[in-house]
Structures are given as C-alpha cells and as structure tokens.
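# Observations on the model geometry
Here are the chains, one letter per residue:
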Amino acid sequence: MSGRVMEQEQRSAAAGAKTFPGSDSRAYNYFEPKGRRATHYEDVTVDVQPDPERYLLQNWIISFGDGTPTYSKECTALKSSDWHLYRAPDQEWERTHYQRQSTICGMIKNVIDNARRAGAPRRFDKAWVKILQDHLGAFKHAEYGLGTALMRAQRYGYTQMINNAILTNSSYKLRLAQDLTLYLGEIALDIEGFDVDAGKRNWLENSIWQKARELVESARGAEDFLEQYFIVNVLFEPLVGELFRSGFVMQVAATQSDYSSPAVISAAEADYERNLANTVELFATLVRDPAHGEDNRRLLQDWFDKYSPIATQAALDLQPIWSQPRVKSAQFAESYASAINRLQAIVSEIGVFSTQIPMPELQVAEPVE
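Let me begin by describing the structure that accompanies this report.

Thresholds, definitions, all that
Residues numbered from 1 in each chain as written. Predicted model: local features only at pLDDT ≥ 70, side-chain atom pairs only at ≥ 80, totals over all residues. Heavy atoms only, no water. Helix = DSSP H or I, 4+ residues; strand = E, 2+ residues; numbered from the N terminus. Buried < 20%, exposed > 50% of the residue type's maximum accessible area, 1.4 Å probe, protein only. Contact = heavy atoms within 4.5 Å. Areas by Shrake-Rupley, 256 points an atom, 1.4 Å probe, with all protein chains shown as cover. Polar contact = N/O pair within 3.5 Å; in protein donor to acceptor, adjacent residues only side chain to side chain. Salt bridge = Lys/Arg side-chain N within 4 Å of Asp/Glu carboxyl O. Expected span 1.5 Å × (residues − 1). Bend = angle between axes of the 7 residues up to and from the residue. Axes fitted to C-alpha atoms, helices over the stretch in contact; angles between N-to-C directions. Parallel < 35°, antiparallel > 145°, perpendicular 65-115°, else oblique. Left-handed = near helix turned anticlockwise from the far one by under 90°. Nonpolar A, V, L, I, M, F, W, Y, C, P; charged D, E, K, R; others polar. Core = buried A, V, L, I, M, F, W, Y, C linked by side-chain atoms within 4.5 Å. Phe/Tyr/Trp six-rings, centres within 6.5 Å; stacked < 30°, edge-to-face > 60°. Lys NZ or Arg CZ within 6 Å of the ring centre and 35° of its normal.

With that settled, consider the overall build of the protein chain. Within the protein chain, the secondary structure is distributed over eleven helices and zero strands. Taken across its 369 residues, the protein chain has 51% of its residues classed as buried. Partitioning the contacts of the protein chain with sequence separation of at least 6, the portion at a separation of at least 24 is 77%. With an accessible surface of roughly 18100 Å², the protein chain has 51% of that area assigned to carbon and sulfur atoms.

Have a look at this one:
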C-alpha cells in the first residue's frame with residue numbers, strides 16, 4: 001500500500017510533489033547555467049517548456065490524436081544528446097523583445113514622418129522610384145514568407161530556448177514586412193503615380209524574383225523545423241536578403257536623393273546579426289554533439305547541397321537590379337562576392353565544411369528597362 005502511495009506521489013503533477021536536494025536553499029537552481037551564474041534570460045527561459053526527461057514526472061499531459069506527444073524530438077532529423085544545452089547568444093526573452101521591437105518601430109516612424117515633412121520623397125530620382133515600387137515592394141513578400149515559415153518552425157522546437165530564438169526571428173521578419181508595406185504606402189502619398197501593387201506583381205511574375213520565391217517556398221514547405229531555420233538564416237539571408245538590403249539599397253539610395261529607405265531597412269541588418277548568432281550557435285552545438293555530431297554535420301551538408309544552388313541562382317538573378325538606377329554607385333560583382341564570403345564564414349563557423357565555396361562566373365546583364 002505504501003509503495004502505491006509513493007508511486008502516486010512521484011507521478012503527481014502538483015507543485016511541490018517532489019522534493020529536490022537543496023531546494024530549500026536560497027542559492028538553489030534546478031538547471032546548470034552556461035556561465036558561473038544564471039542570467040535573467042536563463043531564469044525566465046530554461047525549463048519553462050516541460051520535458052518528461054526533466055522534472056515532468058507524469059509524462060506529457062496531452063498528446064495529438066495519433067499518439068504524438070505535445071513536443072517530440074522526431075520533429076527534426078537532427079539529434080542531440082541534450083537539447084537543453086542550447087542558449088541563445090542574444091539572450092532575448094519576452095520583455096526585451098517587445099522593448100526592442102517598440103524602439104525600432106518608433107525609430108522608423110520618426111524617419112518616415114520627418115522625410116515626408118521635409119518633402120523628401122518628391123525629390124527621389126524617378127528611376128529609383130520605380131525600383132522602390134517594383135523591387136523593394138517585391139522584397140517585402142519574401143520577408144513575410146520567411147516570417148510565416150519561422151512562425152510554423154518555432155512551434156516544434158523541443159525547448160523554450162529554441163522556441164524563443166526562432167519565434168523572435170519570425171517576429172523580426174514579420175515586422176520588417178510590415179515596415180516596408182507602411183513605408184511604401186506612406187511615400188506613395190507624396191509621389192504621383194506610385195503603384196503600391198507593383199511589388200506583388202513583380203514577386204509573382206518577374207523572372208528576377210522567381211528563384212528567391214522558390215527558396216522562400218522551399219522554407220515554407222519543409223517539414224523539418226530546423227531545415228526551415230537553416231534555409232532562412234544560412235542560405236536566404238546572406239545570398240538574397242543581405243545582398244539586396246545591404247549590397248544594394250543601403251549603398252545606392254543616397255545617390256538617388258533617398259536618405260529614408262536605408263534608415264527604414266537598416267533595422268533588418270541588426271536583426272539578422274542577432275538571428276545569425278543564434279542560428280550558428282544552435283547548429284554548431286549540434287555539430288559538436290559527442291554522440292550525434294558527425295551525423296548532424298552530414299545532414300546539414302545535405303541541406304546545403306540541396307538548397308544552395310537555388311539560393312545562388314536567386315542571388316545571380318538579382319543582378320539586373322544593379323543596372324536600373326540612373327546613377328550607379330555599386331557594382332553587383334562586389335556585392336555578390338561579399339555575399340559568398342559571408343556564406344563561407346557562416347558554414348565554416350557552424351562546422352559544416354571548411355573548404356572554399358566556389359564563386360560562379362558572373363554573367364554581365366543588360367540593363368532592364
């Protein structure tokens with residue numbers, strides 16, 4: 001009888017049903033921090049999501065109709081000896097995320113309001129106006145697609161630390177898509193004939209964007225949530241996202257009498273630095289795993305081999321955009337070489353491989369009218 005009572009107590013979900021050694025000490029911590037002391041991020045994140053292997057004595061409380069548990073390690077083909085080992089380098093959690101997003105939105109609103117108050121959009125070069133409506137308008141759809149892919153991916157993360165990193169990544173993408181939509185809508189009020197629907201048409205029909213669209217749809221369609229995360233931050237971002245944002249818009253805009261577009265899009269560059277650090281840390285941790293590291297490395301290599309040709313072609317297909325401004329202040333070859341070097345640094349840091357990524361020959365594109 002006493003044995004059955006003890007078993008019921010051990011499997012209870014009630015708070016305090018099990019006493020842990022040292023739990024009455026003010027210095028007690030139920031997880032091992034990454035550093036000497038637990039950070040605030042770790043206090044509010046680690047083990048917030050339950051795990052039957054860590055303290056959830058009664059196993060998963062609910063499961064899906066086919067018996068799949070609420071969270072499953074089978075949602076990715078990558079393996080880990082300890083999924084709880086991962087900590088996001090940006091240490092972002094709910095409160096800090098909302099604060100940062102609010103700050104960015106306020107900054108962008110001030111930029112747009114000040115630009116319109118000064119009549120800046122009316123002084124944009126006419127060729128540049130068409131680039132903004134056609135190509136910056138198309139790019140916002142890529143950001144939205146990646147944001148929704150990551151929104152789905154975060155649901156399947158096995159720990160709260162992984163959930164948080166992917167979810168904040170999704171939030172930044174969706175915010176940028178919204179930023180660009182509102183920005184283009186605002187400057188359209190000051191520019192006669194500005195077509196706010198041109199971006200969607202270019203995203204769906206213009207050959208310049210079709211490989212980028214294929215890559216975004218590959219991310220949305222992948223069933224493995226870490227495969228989605230890999231496509232977005234290891235391939236799309238350096239070869240398409242940064243290439244277009246930093247290698248084109250932020251370099252060329254000022255020579256077109258446009259000082260507001262770089263300010264609006266600059267937040268995305270800082271977003272990616274944070275998201276990339278989180279991504280590299282997660283995949284590098286899995287590649288270093290003592291039991292599964294080599295299998296994980298091979299799988300990441302397979303994903304790279306599968307999607308890098310699409311990503312590379314997506315980057316090359318953007319080349320004609322560099323020919324469209326009336327005043328040309330950036331060379332596609334230089335921007336593309338920087339993108340390839342960035343990709344090389346990312347995969348080397350993760351540990352996928354260390355050999356040099358070959359740079360395809362660039363075809364000289366005719367200016368697009």
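With respect to the helices and strands, the residue Asn206 is situated in the loop between α6 (198-205) and α7 (210-221). As a C-alpha pair, Asn206 and His135 span 71 residues in sequence and 9.6 Å in three-dimensional space. With residues up to four places along the chain from it excluded, the contact list for Asn206 reads His135 and Arg201. Only 3.0 Å separates the side chain of Asn206 from the backbone nitrogen of Ile208, close enough to count as a polar contact.

The next point concerns the pattern of salt bridges. Evaluated as defined, the whole model comprises 28 salt bridges. Salt-bridge contacts for Asp179 lead to Arg175; the nearest nitrogen and oxygen are separated by 2.8 Å. Here Arg175 and Asp179 lie together in helix α5 (residues 160-188), a separation of four residues that amounts to about one turn. The same class applies to Asp179 as to Arg175, namely buried. Measuring nitrogen to oxygen at the nearest pair gives 2.9 Å for the salt bridge that ties Lys211 to Glu214. With Lys211 and Glu214 both in helix α7 and three residues apart, the pair spans about one turn of that helix.

Now for helix α10 (residues 293-317). With 25 residues, α10 should reach 36 Å at 1.5 Å per residue; the first-to-last C-alpha distance of 35 Å fits that figure. The principal kink in α10, of about 40 degrees, is found at Tyr307, preceding the proline Pro309 by one to four residues.

This part takes up the packing of helix α8 (residues 225-252) against α10. Viewed as axis vectors pointing N to C, α8 and α10 meet at an angle of 30 degrees, and their least axial separation amounts to 10 Å. By the angle class used here, α8 and α10 are roughly parallel. The hand of the α8/α10 crossing is right-handed. Judged by residue contacts, Leu226, Glu227, Phe230, Ile231, Leu235, Leu239, Val240 and Leu243 of α8 engage Leu300, Trp303, Phe304, Lys306, Tyr307, Ser308, Ala311, Thr312, Ala314 and Ala315 from α10. For the contact of α8 with α10, the residue count by class is 14 nonpolar, two polar and two charged.

Looking now at the nonpolar core. Counting residues in each nonpolar core, the largest one holds 101 residues, and the members touching the most others are Trp209 and Leu226. At 16 residues, the largest contribution of residues to this core is made by α8.

Quick look at helix α4 (residues 126-154) now. Compared with an ideal rise of 1.5 Å per residue, which puts 29 residues at 42 Å, α4 spans 42 Å between its outermost C-alpha atoms and is within 8% of the ideal. Counting buried positions along α4 gives 22 out of 29 residues, so the element sits mostly inside the fold. Where α4 begins, the side chain of Asp125 points an oxygen toward the backbone nitrogen of Ala127, at a separation of 3.0 Å.

This brings us to unusual backbone geometry. Positive phi values are uncommon outside glycine, yet Asp47 reaches one of about 65 degrees. Tracing the backbone shows Asp47 in the loop between α2 (40-45) and α3 (94-117). Judged by relative accessible area, which is 15%, Asp47 ranks as buried. Even without being a glycine, Ser257 presents a positive backbone phi close to 65 degrees. In this fold, Ser257 is placed in the loop between α8 and α9 (260-287). A relative accessible area of 36% places Ser257 in the partly exposed class.

What follows covers the side chain of Gln49. Note that Gln49 resides in the loop between α2 and α3. Within the local environment of Gln49, its side chain forms a polar contact with the backbone oxygen of Gly157, the two atoms lying 3.1 Å apart. Dropping the residues within four chain positions of it, Gln49 is found in contact with Tyr71, Gly157, Tyr158, Thr159, Gln160 and Asn163.

Their axes nearest at 7 Å, the elements α4 and α6 cross at an angle of 70 degrees. Regarding the angle of α4 to α6, the classification is roughly perpendicular. For the pair α4 and α6, the sense of crossing is right-handed. When α4 is examined against α6, the residues Gln133, Asp134, His135, Gly137, Ala138, His141 and Ala142 are found in contact with a partner set consisting of Ala198, Gly199, Lys200, Asn202 and Trp203.

For the rest of this paragraph, the subject is the environment of Gln319. With respect to the helices and strands, the residue Gln319 is situated in the loop between α10 and α11 (332-350). Between the C-alpha atoms of Gln319 and Phe244, which are 75 residues apart in sequence, the distance is 9.7 Å.

A word on the packing of aromatic side chains. Enumeration according to the criterion identifies twelve aromatic pairs in this entry. With a centroid separation of 5.7 Å and 45 degrees between ring planes, the pair formed by Trp128 and Phe248 is classed as tilted. You can see Trp128 sitting in helix α4 and its partner Phe248 sitting in helix α8, a full 120 residues away along the chain. Across the pair, Phe248 and Trp128 agree in class, each one buried. Geometrically, the ring pair formed by Phe248 and Trp322 is tilted, given 4.9 Å between the ring centres and 50 degrees between the ring planes. Taken together, the positions of Phe248 in helix α8 and Trp322 in the loop between α10 and α11 put the pair 74 residues apart, joining distant regions of the chain. The exposure classification of Phe248 matches that of Trp322, with both residues buried. Taken together, the ring pairs connect Trp128, Phe139, Trp203, Trp209, Phe244, Phe248, Trp322, Phe332 and Tyr336 into an aromatic cluster. Geometry around Tyr156 places Arg155 over its ring, the cationic atom sitting 5.6 Å from the centre.

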